[in-house]
Each structure stands twice: as C-alpha cells, then as structure tokens.
Amino acid sequence: MTVEDSPDAQPTVRSRSRRRPTGEPGRQDWKSWPHYDAAGSGFRGYWYPVTWSSQITADPLPFTICGEKITLIRDGDTAYALHNRCPHRGVPLSEGDQQFPGTISCPYHGWTFDLPTGKLAAVITDGPGCRLTGKVSVRTYPVEERLGMVWVYIPLADEEPHSIDSQLPEELVENAFVMGGRIDPRGGNWRFACENGFDEGHAKYLHRTALWRLFKPMPTWNITRVVPKGRWIYRVQDEVYWEADFPGVGRWTNKRWWKAQPPKETFNIGNTGKPDKVNPTIEAQEFPGFASLSMPGVLRIAYPNFIHYEFYVPVDEDNHRYVGVMVNFTEGWDTLRFYAKYLGAIRWLFHGQFSGQDAWMVDITDAPPEKLYRPDISLTAWRNLSEQEYGKKLAGTGADSDPGTDSGIDKKKA
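All values derive from a computational prediction rather than experimental measurement. (Residues numbered from 1 in each chain as written. Predicted model: local features only at pLDDT ≥ 70, side-chain atom pairs only at ≥ 80, totals over all residues. Heavy atoms only, no water.)

## Focus: helix H7 (residues 377-397)
As a reminder of what qualifies: Runs of E in the DSSP output that reach at least two residues are strands. Runs of H or I that reach at least four are helices, and both are numbered from the N terminus. Expected span, for any helix, means 1.5 Å times one less than how many residues it has. Relative accessibility under 20% of the residue-type maximum defines a buried residue, over 50% an exposed one, and the middle range a partly exposed one, all with a 1.4 Å probe and only protein chains included.
With 21 residues, H7 ought to run about 30 Å at 1.5 Å a step, and its terminal C-alpha atoms sit 30 Å apart, in line with that. Among all positions of H7, only Ser 378, Leu 379, Ala 381, Trp 382, Arg 383, Leu 385, Ser 386, Glu 387, Tyr 390, Lys 393 and Leu 394 are buried. With its phi angle positive at about 75°, Gly 398 sits one or two positions after the end of H7.

## What about the environment of Asp 77?
For Asp 77, the position within the fold is in the loop between strand S4 (68-75) and strand S5 (78-83). Spatially, the C-alpha atoms of Asp 77 and Thr 57 are 9.2 Å apart, while their sequence positions differ by 20 residues.

## Overview of the sheet that holds strand S2 (residues 46-52)
Let me state the cut-off plainly: What makes two strands pair is DSSP finding at least two bridges between them. Geometry is summarised by axes, namely lines fitted to C-alpha atoms with helices restricted to the contacting stretch, and by angles between N-to-C directions that run from 0 to 180 degrees.
Read across the open sheet, the three strands follow the order S2-S11-S10; overall the sheet is antiparallel. The outermost strands of the open sheet, each flanked by one partner alone, are S2 and strand S10 (143-146). Each strand of the sheet is rotated relative to its neighbour by a mean of 35°, with strand direction disregarded. Sheet topology places S10 next to strand S11 (residues 149-154); four bridges connect them, and they run antiparallel. Bridging from a neighbouring strand, Val 143 pairs with Val 152 of S11.

## Observations concerning a nonpolar patch on the surface
Under the convention used in this document: What goes into a patch is any residue over 30% in relative accessible area without a salt bridge, connected to like charges within 9 Å or, for nonpolar side chains (Val, Leu, Ile, Met, Phe, Trp, Tyr), within 5 Å. Only the protein chains shown count as cover for residues, with accessible areas throughout obtained via the Shrake-Rupley method and a probe of 1.4 Å. Only one rule defines a salt bridge in this text: a Lys or Arg side-chain nitrogen within 4 Å of an Asp or Glu carboxyl oxygen.
Taken together, the side chains of Leu 211, Leu 214, Phe 215, Trp 257, Trp 258 and Trp 348 make up a nonpolar region of the molecular surface, amounting to roughly 740 Å² of accessible area. Along the polypeptide, Trp 257 turns up in the loop between strand S16 (250-253) and helix H5 (280-284). By relative accessible area, Trp 257 is classed as exposed at 77%.

## Description of the sheet that holds strand S7 (residues 111-114)
The pairing of strands in a sheet comes from backbone hydrogen bonds and takes either a parallel or an antiparallel form. With antiparallel pairing, three strands are arranged side by side in an open sheet as S6-S7-S8. Two strands bound the open sheet, and with one partner strand each, they are strand S6 (103-105) and strand S8 (120-123). Ignoring which end each strand starts from, the neighbouring axes of this sheet average 20° apart.

## Digging into the state of the cysteines
To be explicit about the condition: Disulfides are defined in this document as cysteine sulfur pairs within 2.5 Å.
With the rule as written, the count across this model stands at zero disulfides. Free cysteine: Cys 86, not disulfide-bonded; nearest cysteine sulfur from Cys 106 at 3.9 Å. Residue Cys 86 is classed as buried on the basis of its relative accessible area of 1%.

## Looking at the layout of surface pockets
What counts here: Buried and open spaces are told apart on a 1 Å grid over the protein atoms alone, a cavity being a set of points where a 1.4 Å probe fits but cannot get out and a pocket being an open set with protein on both sides within 12 Å along at least five of seven lines. Residues with an atom within 4 Å of a point are the lining residues. Grid points are joined across faces, edges and corners, and a volume is the space filled by probe spheres set on the points. Residues are grouped as follows: Ala, Val, Leu, Ile, Met, Phe, Trp, Tyr, Cys and Pro are nonpolar; Asp, Glu, Lys and Arg are charged; all remaining types, including Gly, are polar.
As a volume, the second largest pocket reaches approximately 470 Å³. Taken together, 18 residues line the second largest pocket, and the ones lying closest to its centre are Glu 195, Asp 199, Thr 365, Asp 376 and Leu 379. Those elements that place two or more of their residues in the lining of the second largest pocket are helix H3 (190-198), helix H4 (202-206) and helix H6 (334-364). Split into classes, the residues belonging to the lining of the second largest pocket amount to nine nonpolar, four polar and five charged.

## Section: the packing of aromatic side chains
Defined as follows: Here a Phe, Tyr or Trp ring, Trp counted by its six-membered ring, pairs with any other such ring whose centre lies within 6.5 Å, and the pair is stacked when the planes are under 30 degrees apart, edge-to-face when over 60, and tilted otherwise.
One pass over the full model with this rule turns up 17 aromatic pairs. Ring centres of Tyr 36 and Phe 43 lie 6.4 Å apart, and the angle between their planes is 35°; this geometry places the pair in the tilted category. Judged on exposure class, the residue Tyr 36 and its partner Phe 43 are both buried. Geometrically, the ring pair formed by Trp 151 and Phe 311 is edge-to-face, given 5.4 Å between the ring centres and 85° between the ring planes.

## Digging into the side chain of Asp 316
What counts is decided by this rule: Neither His nor the chain ends is counted toward charge; the positive residues are Lys and Arg and the negative residues Asp and Glu. N or O atoms within 3.5 Å of each other form a polar contact, as long as, within protein, one can give a hydrogen and the other can take it, and as long as residues adjacent in sequence are counted only when both atoms are side-chain atoms.
On the secondary structure map, Asp 316 appears in strand S19 (residues 307-316). It turns out Asp 316 is buried and unbridged, and the closest side chain with the opposite charge, Lys 69, is 6.9 Å from it. There is a polar contact of 2.9 Å between the side chain of Asp 316 and the backbone nitrogen of Asp 318. Within polar-contact distance, the side chain of Asp 316 engages the backbone nitrogen of Asn 319 at 2.9 Å.

## Describing unusual backbone geometry
Here Ala 367 and Pro 368 are connected by a cis peptide whose omega angle stands at -10°. In this fold, Pro 368 is placed in the loop between H6 and H7. A cis amide bond links Pro 368 to the next residue, Pro 369, at an omega of 5°. Along the chain, Pro 369 turns up in the loop between H6 and H7. Of note, the phi angle at Cys 66 is positive, near 55°, even though the residue is not glycine. The residue Cys 66 is located in the loop between strand S3 (61-65) and S4 in this model. Relative accessible area serves as the criterion here: at 5%, Cys 66 is assigned to the buried category.

## Points about the packing of H3 against H7
Formally: Relative orientations are named as follows: roughly parallel for angles under 35 degrees, roughly antiparallel for angles over 145 degrees, roughly perpendicular for angles from 65 to 115 degrees, and oblique for any other angle. With the far helix as reference, a near helix turned anticlockwise by less than a right angle produces a left-handed crossing, and one turned clockwise produces a right-handed crossing. Any two residues whose heavy atoms approach within 4.5 Å are treated as being in contact.
Where H3 meets H7, the axes come as close as 9 Å, and the angle between the chain directions of the two elements is 125°. Taken as axis vectors, H3 and H7 run oblique relative to one another. H3 and H7 meet at a crossing whose hand is right-handed. Facing H3, whose interface residues are Trp 190, Cys 194, Glu 195 and Phe 198, H7 presents Ser 378, Leu 379, Trp 382 and Arg 383.

If you want it as structure tokens, here you go:
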C-alpha cells in the first residue's frame, strides 16, 4: 500500500563545466575508482524506479535513465518500455499514441510497433503490404512493478536481467508494510546525491535548521566506522559527541533548551538518540548501523519505528531522479494512522523541506577536485564497494571491463 506525491515533471537538462585547477591540495580526480569515475550517467545492469505505477497509462510518457531515452506506456495491466525514437525520422514515440491494442504508433507517419517485442507491426501510411513490417524494430527494456512504482532494467549488453527482488532491500520483500513516498527530478549528478545520503558529517550541520529536527537533538561529531554485511555497507557509530570546544574558536553545540535532552549511550538505530522501543520487524533485521548503502545507489536509514529509503536514479551527467520512500511495518487499522501522519506532516517536513536541503547541496556540489576529511570514510567506502561490485558484474556479463569504453554499453541502435 502506498501514498504517492504529485505526478513527475521532467528534469531540465543542464550543462555544468567542471574546473580542474592544478596545484591545489587534495584529490584532483577519481582515477582510483575508474568504474565509478566512468559512471556519470549511472551503472548499467540494474533495475531503476522511474515513476509511480499510477502515472503510466495508455498515453506514453518520456523518461531518461542512464542516458537512455525511453518511453513508458501501459496496455491493459502491463507496462512496457521502449527506446523513445522512431527509426524512420527520429520522432519520439512518446509523442504518439495507441491506434491498435498492444502497440504504439509514431505520430508522424503512423509507424506502429508491437509493445512486447518492439517490432514494426504496421505502417499506416504505407498500407497493409509495407515491406518493412517485421524487419524493423525499436529496442525494448524489461519492466517490473514493485513498491507502487514502475522499474526499468537498463542492460549492460544483451543479458537477461537479474530478479528485481534480489536488488530490493530484503525486508521489503519478506514483510508486510505501508509506504509513502516522493519522486522528484533534481539537478546534480546521481553520485553526489548518493554520497550525500551516506555522508557521515552533513546531517549534523546542514540539517540543523530543518523543521524535522526542531525538537530533536543531533550530535556535533562522531567516531564512526564502516562495516560490510552481505551486499550492504553500514555506518557504525562507536562514539557520539553532542558538543565540543574548538581551540582558539569557541564552543559549538547542537543542544537547545527546547530540544529533547540527548542520551548518554551510543546508539545505532536512528540518528537522534537511543530509542526506548524498536519495531519488531526492524529489530529482527539486526542492522549493524542505522545508515546503510548498496548498489546501484540504494540508501536505507533505519529509525526505531520506520525505515527511510532513497533510490538515486541516474538521468545524465547533470540530473537525477530522487525517489524517497518511508515505510512502516504495520497492518490493519494502524495503516490509517500512518497515512494521516504522512500526508499531514511527514511528506512536507521530511520529504519536502528536510530533503530539499540535500537537493540544494547536491545541485551545487562540484567535485573532483576535493579535499577529503576523516568522516569521508563513508564516501570512500561506498566508492570502493561500487568499484568492486561493478567489476564483478562486468565480468559476469562478459561486457567490456575497460571503464574507458562506456562500461559495456550496447552500441546497437534501433
């Protein structure tokens, strides 16, 4: 069951030239992570959530995922994804419509394509005997629907997609839940968004003015390590400090008289203090830390009574789609309480103003070059994970493993 935000607008494609100053301290490039460096338009070979299922109807819509222009359309109960270009004159198929069941027709000359296969089924303006019928096709993409969203698989080569359930957070496959969420087109590269989500340091400072944190204490700094478990990496807090004296500068604290008093114990569920009670389903997961990340860019933040997930969907070098969902593992009448709370406050407090601060930073981030500091172990751990996992994926599919050759992108065009 889901609560969804308003329909998606298409992102504005923008170009940002990056400076490469010389002679500055720090890391000047990402050559230590060649696959990650080459993934400006995303990692191929994964499922990506595109939009809410309710938005996909018999009227086709255009999207760009990993640099691939696709159109989504629904026929009956099934959603389909095709390359968004008619091979005749290059007109977007998303401008067309359905003239026959199970097809999509280009608006220019009526070239009509079969939705399951992408093959040319008819050319309306050339009559029933068109000799191109069955000999021309557009590329199709695997589609699944999960969590109330349409997911599209962007292949590396011509491989069969892995099970989408193997890519979802395990607890969402195995348990009943209710969910509310938001999908937004945003500026900034998807890697900046992903790194921001798992970043150790930013929440304590950037979000200190968020209304979501108005009555909740936040640490000033932590001693944190990153540990792997399965296909995830987790941020584990070993020490938590709520205020500090900075020599020659002064004292800084996140404490305020109107906020709850912070606990003395170290905690790893939620990020504002040790909880008195944890939802049984969340507790059963035995998360080492409250923040975890997996490929191809799935963030999980575990709170005592809910889990927040973010999926960072690559569009191109300068744009991404933000998919944020909040999940409660509850059933029955308690679902109504969740919906009332989510629609009445959480959607605009958490998925709006709080998340909007992240969007602001992601949009103006310009790296590399960069000078990393101790808490950035979270960033380098993620880059190492993505580098290792994508290398394995490339080897498993037999795709070109040289990051300088588009990471195995299929060059065949419709």
